[in-house]
Amino acid sequence: MGKRMKRGKAGNAAQYLTRNQAIKKLQLRLSEFRRLCILKGVHPREPKKKVRGANKTYYHVKDINWLAHEPLIATFRAVKVHERRVRKARAKSNIALARRLLAAKPGYKLDHLVKERYPSFVDALRDLDDPLTLVHLFATLPAEATRGIAPQVVSRCRRLVLEWSAYVARTHALRKVFVSVKGFYYQAEIAGTAVTWLVPHQLSQVLPGDVDFTVMLTFLEFYATLLQFVLFKLYHALGLTYPPLLDRRLDEAAAGLAGVMADMSGLADDAAAQQQAQQGKQQAGQPGQEQQQQLEGGAAAAPAPEVVARLGSLGRKIRELQAAEAGGAAAGGEGGSDSELMPDIDSGGGESDSEEEPDSEAGAGSEEEAEGGESSSEEGGEAEEDEEEEDEGGASEQLAGGSGDEAPAAAPAREPAGGDAAAAAAGAAAAGAAVAGGGLGEVDADDDAGLCGVLLRGCVFWLAREVPREPLLFMIKAFGGAAGWEGPGSPYAEGDEAITHQIVDRPTQGHRFLSRCYVQPQWLFDSLNHRLLLPPEAYAPGAPPPPHLSPFVDNEAEGYTPEYARTIVALQEAARAARRAAAGHASEAAFLQGGGTAGGAAAGAPPGGDGAEDAAAAEAAYARELARELRAAQQAGAGGAADAADADADSSSGSDGDASDGDDAPPAAGAAPATRGAKRAAAAAAAGGGEEDEGGALADIMMTRRTRKLYGRINRAIAGKAERVAALEARAAALAEAPAAGKGKAKAPAQQAAGGGRPKRARAAK
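A. Representation of the sheet that holds strand β3 (residues 174-179). Taken together, the three strands give an open sheet; going across it, the order is β3-β4-β5, and neighbouring strands pair in antiparallel fashion. One side of each edge strand has no neighbouring strand; the edge strands of this open sheet are β3 and β5 (193-200). The average angle at which neighbouring strand axes cross in this sheet is 15°, direction not considered. In terms of strand pairing, β3 meets strand β4 (residues 183-190) through five bridges, oriented antiparallel. Note on β4: the bridge partner recorded for phenylalanine 178 is tyrosine 185. Most of the contacts of helix α23 (residues 521-530) go to β3, to which it runs at about 140°, and overall it touches β3 and β4.

B. Quick look at the layout of surface pockets. The space that makes up the second largest pocket amounts to roughly 810 Å³. Taken together, 26 residues form the lining of the second largest pocket, with Arg35, Lys105, Tyr108, Thr218 and Glu221 sitting closest to its centre. Breaking the lining of the second largest pocket down by element, the ones donating at least two residues are α3 (30-40), α5 (72-91), α10 (151-171) and α11 (213-237). Looking at which element gives the most residues to the lining of the second largest pocket, the answer is α11, with seven residues. Along the lines of polarity and charge, the residues of the lining of the second largest pocket split into 11 nonpolar, five polar and 10 charged.

C. Highlighting the sheet that holds strand β6 (residues 460-463). The strand order across the open sheet formed by four strands is β7-β6-β8-β9, and the pairing between neighbours is parallel. The open sheet has two free edges, formed respectively by β7 (482-485) and β9 (517-519), since each of these has just one partner strand. Geometrically, the sheet is characterised by an average inter-axis angle of 25° between neighbouring strands, direction not taken into account. The sheet contact formed by β6 and β7 spans four bridges and is parallel. Bridged to tryptophan 462 within β7 is glycine 484. Strands β6, β8 (501-503) and β9 of the sheet are contacted by α23, whose axis makes an angle of about 115° with β8.

D. Local environment of the environment of glutamate 563. Following the sequence through the fold, glutamate 563 ends up in helix α25 (residues 563-582). For glutamate 563, a relative accessible area of 56% puts it in the exposed group. In the structure, glutamate 563 is positioned 169 residues away from alanine 732 in sequence and 8.8 Å away in space, judged by C-alpha atoms.

E. Quick look at the packing of α3 against α11. Two elements in contact, α3 and α11, have axes separated by 9 Å at closest approach and are oriented at 35°. α3 and α11 meet at a crossing whose hand is right-handed. Along the contact surface, α3 presents Arg34, Arg35, Ile38 and Leu39, while α11 presents Val215, Thr218, Phe219, Glu221 and Phe222.

F. Representation of the pairing of β4 in the model. The element β4 is largely enclosed, with a buried count of six among its eight residues. Connecting β3 to the antiparallel partner β4 that follows it, the hairpin turn spans three residues. Pairing geometry for β4 and β5, over eight bridges, is antiparallel. Residue pairing in the sheet places glutamine 187 in a bridge with threonine 196 of β5. Two successive antiparallel strands, β4 and β5, enclose a turn made up of two residues, where alanine 191 displays a positive phi of approximately 55°.

G. The environment of arginine 175, seen in detail. Mapped onto the secondary structure, arginine 175 falls in strand β3. Every residue in contact with arginine 175, bar those within four places of it in the chain, is listed here: Gln187, Ala188, Glu189, Asp448, Ala449, Cys452, Leu528, Asn529 and Arg531. Within the local environment of arginine 175, its side chain forms a polar contact with the side chain of glutamate 189, the two groups lying 3.3 Å apart.

H. View of unusual backbone geometry. Following tyrosine 242, the chain continues to proline 243 via a peptide bond in cis, the omega torsion being 0°. Tracing the backbone through its elements, the reader meets proline 243 in the loop between α11 and α12 (248-252). At serine 93, a position not held by glycine, the phi torsion is positive, near 60°. Among the secondary structure elements, serine 93 is positioned in the loop between α5 and α6 (95-103). Note on serine 93: relative accessible area 57%, which makes it exposed. Phi at histidine 172 takes a positive value of approximately 55°, unusual for a residue other than glycine. The residue histidine 172 is located in the loop between α10 and β3 in this model.

I. Main features of the pattern of salt bridges. Here the structure, examined in full by the defined rule, presents 16 salt bridges. For aspartate 446, the salt bridge is made with arginine 580, and the minimal N-O distance between the two is 3.1 Å. Taken together, the residues span a long stretch of sequence, with aspartate 446 in the loop between α20 (407-436) and α21 (448-454) and arginine 580 in helix α25 at a distance of 134 residues. On the basis of relative accessible area, aspartate 446 is assigned to the exposed category, the value being 53%. Salt-bridge contacts for glutamate 573 lead to arginine 576; the nearest nitrogen and oxygen are separated by 3.1 Å.

J. Region of interest: the confidence of the model for the chain. The predicted model of the chain has a mean per-residue pLDDT of 72, with 60% of residues at 70 or higher. Within the model, the stretch residues 744-766 combines pLDDT values under 50 with five contacts to residues more than four positions away or in other chains.

Definitions and cut-offs
- Residues numbered from 1 in each chain as written.
- Predicted model: local features only at pLDDT ≥ 70, side-chain atom pairs only at ≥ 80, totals over all residues.
- Heavy atoms only, no water.
- Pairing = 2+ DSSP bridges.
- Helix = DSSP H or I, 4+ residues; strand = E, 2+ residues; numbered from the N terminus.
- Axes fitted to C-alpha atoms, helices over the stretch in contact; angles between N-to-C directions.
- Contact = heavy atoms within 4.5 Å.
- 1 Å grid on protein atoms, 1.4 Å probe; cavity = no way out; pocket = protein on both sides within 12 Å on 5 of 7 lines; lining within 4 Å.
- Points joined across faces, edges and corners; volume = space filled by probe spheres on them.
- Nonpolar A, V, L, I, M, F, W, Y, C, P; charged D, E, K, R; others polar.
- Buried < 20%, exposed > 50% of the residue type's maximum accessible area, 1.4 Å probe, protein only.
- Left-handed = near helix turned anticlockwise from the far one by under 90°.
- Polar contact = N/O pair within 3.5 Å; in protein donor to acceptor, adjacent residues only side chain to side chain.
- Salt bridge = Lys/Arg side-chain N within 4 Å of Asp/Glu carboxyl O.
- pLDDT = per-residue confidence, 0-100.

Dropping the structure here:
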């Protein structure tokens with residue numbers, strides 16, 4: 001018989017310690033133990049069997065042994081001794097000694113804890129949500145000594161907030177924005193990791209009495225150190241110094257983010273400024289390095305201004321010629337008596353006239369060539385192309401019309417259809433370009449990260465006094481825009497003509513500039529979330545804006561798509577097509593605009609072009625896949641079809657035999673076989689359903705209890721999701737019908753009054 005084990009020497013009793021036992025083992029006070037656990041990341045555990053009582057807090061023995069080797073314990077003990085000395089000095093009224101002791105208070109750093117808890121940089125980025133949220137919270141809280149919130153803590157958090165916002169805006173890493181009652185939800189993509197944080201509204205914060213700010217300040221102490229490590233790494237990855245220099249003038253003017261961005265504009269902005277300064281020196285007559293290279297090495301000189309102007313006017317001349325030809329064709333179709341246009345249509349003599357203008361242009365080009373420029377050869381080439389196009393056009397008109405008399409009648413019949421299609425395509429392209437934002441042709445349409453940096457390029461915003469300036473300025477800078485505001489430090493004045501949008505939150509405006517759009521702040525949030533510039537008419541000041549859809553909700557996963565989300569999807573498709581067309585992907589844009597079908601692609605792309613060929617190939621591949629699936633389905637159902645055919649043959653033979661026995665039989669006798677066939681089919685269907693139910697029952701029997709419960713929870717979740725979607729759809733339908741019902745009730749008395757009678761009062765139901 002072995003030795004009997006004492007109670008509490010094995011199992012849960014030996015693996016877990018209560019909080020009081022851990023404090024006695026570490027020889028710390030409760031506040032020091034709580035602080036050490038927060039800094040080290042040690043959390044209480046829940047054992048399966050609570051030996052010491054159910055109302056106790058338990059810690060694992062390994063965690064406590066790990067805390068016992070922490071160097072901070074010695075620091076905490078030194079701080080305890082230091083506080084005892086200060087109390088004794090004050091008790092003896094030795095104020096000088098107390099002040100000296102307070103100035104020599106022992107300190108400590110948390111750098112080793114950050115390296116210990118986050119071995120890699122990616123681990124720190126993944127755990128950055130809570131630190132950012134807490135730092136933004138304390139940056140908005142007031143400094144209050146009774147709560148232990150010192151002014152230095154608030155100013156440190158404020159500086160960290162500005163540094164983080166400046167980095168996100170500088171790298172254009174912001175991806176999602178959502179406004180709620182709690183504040184602004186942001187999500188940025190840093191080194192491939194999504195970081196989400198919450199920023200409270202800029203309101204007067206009331207500190208609640210039931211919150212332990214000591215615990216929150218301990219978390220803040222570690223989170224601030226972690227955030228400094230992360231910002232140091234991020235800034236040095238860009239080649240910038242950390243911490244960034246703060247513009248004192250803008251800081252005193254409460255410019256906020258602009259004070260840090262003034263130093264962070266570094267790389268691209270400084271290069272652009274240097275380039276502009278170099279161009280200014282060149283225009284002022286001071287030869288720069290490039291000019292010296294051109295003078296000494298004989299580099300290719302820039303094109304002359306007159307050559308550029310002539311090349312720019314070439315397109316206008318071509319459009320004038322095309323307009324003149326179209327006007328002549330229209331005049332001939334209407335039967336006009338213009339002596340200058342009729343010979344061109346009837347006899348085809350317009351070729352000689354059309355040759356005269358290119359000759360004159362070619363002559364002009366030869367004069368330019370004689371003067372010494374490359375523009376003469378370019379003009380001559382363009383003129384020859386114009387001649388070839390006009391010759392081909394005249395030949396096609398003669399082939400289509402047959403004779404000179406029939407050509408004017410046939411031309412107007414073809415032109416309106418092509419003109420309408422071209423106008424529709426041009427209108428769709430213009431609408432897509434209007435909502436696509438900046439950077440057309442520079443960024444790939446599928447590059448979301450690149451699009452976020454150029455979406456607001458070319459847009460200059462004026463922020464009114466009543467809107468939250470710092471969040472709006474942060475979002476505008478992050479998406480490549482510029483902003484001005486009322487007050488010192490603003491790069492733009494309110495009356496600057498470069499301003500394209502003014503963000504206001506008042507229903508009426510005293511003075512309106514006709515050269516800019518007036519929108520509500522929600523327009524900026526929705527535009528950035530959906531990567532396009534939404535129509536500003538829906539966000540006009542004083543008008544109820546559309547619903548603010550959350551970018552953190554997946555409509556496909558939820559199973560419900562709001563009506564406004566469908567409208568935004570259509571605008572996104574138009575913007576994507578415009579970006580692809582601007583980037584040179586004309587065939588792909590035509591395929592997407594056509595809806596992915598051969599007919600749409602043929603309508604959106606020129607005949608015989610790459611878009612029609614791609615659409616035809618896609619349609620052929622889709623047809624082959626459908627045929628393959630149809631053959632597989634037919635082969636799978638061949639046995640069932642044969643059985644059904646035999647049953648039909650039996651029923652038909654029985655009905656024929658009954659009919660041959662006697663023609664005088666009543667109709668009910670002839671209907672009986674059909675009824676029996678229907679019953680047989682219903683029985684087969686019921687048998688099939690029974691087989692399915694039996695298969696489901698067998699599957700349930702084969703499942704374990706845990707798997708069966710999990711399967712039941714999944715089914716209940718699916719059913720609950722369907723119920724929520726149905727409730728949302730019903731609510732949307734009710735809201736859509738409510739305005740129509742209100743209008744109908746309002747119109748009824750008016751119609752009765754217009755008919756000459758007075759509206760009757762509804763009698764009360766007795």
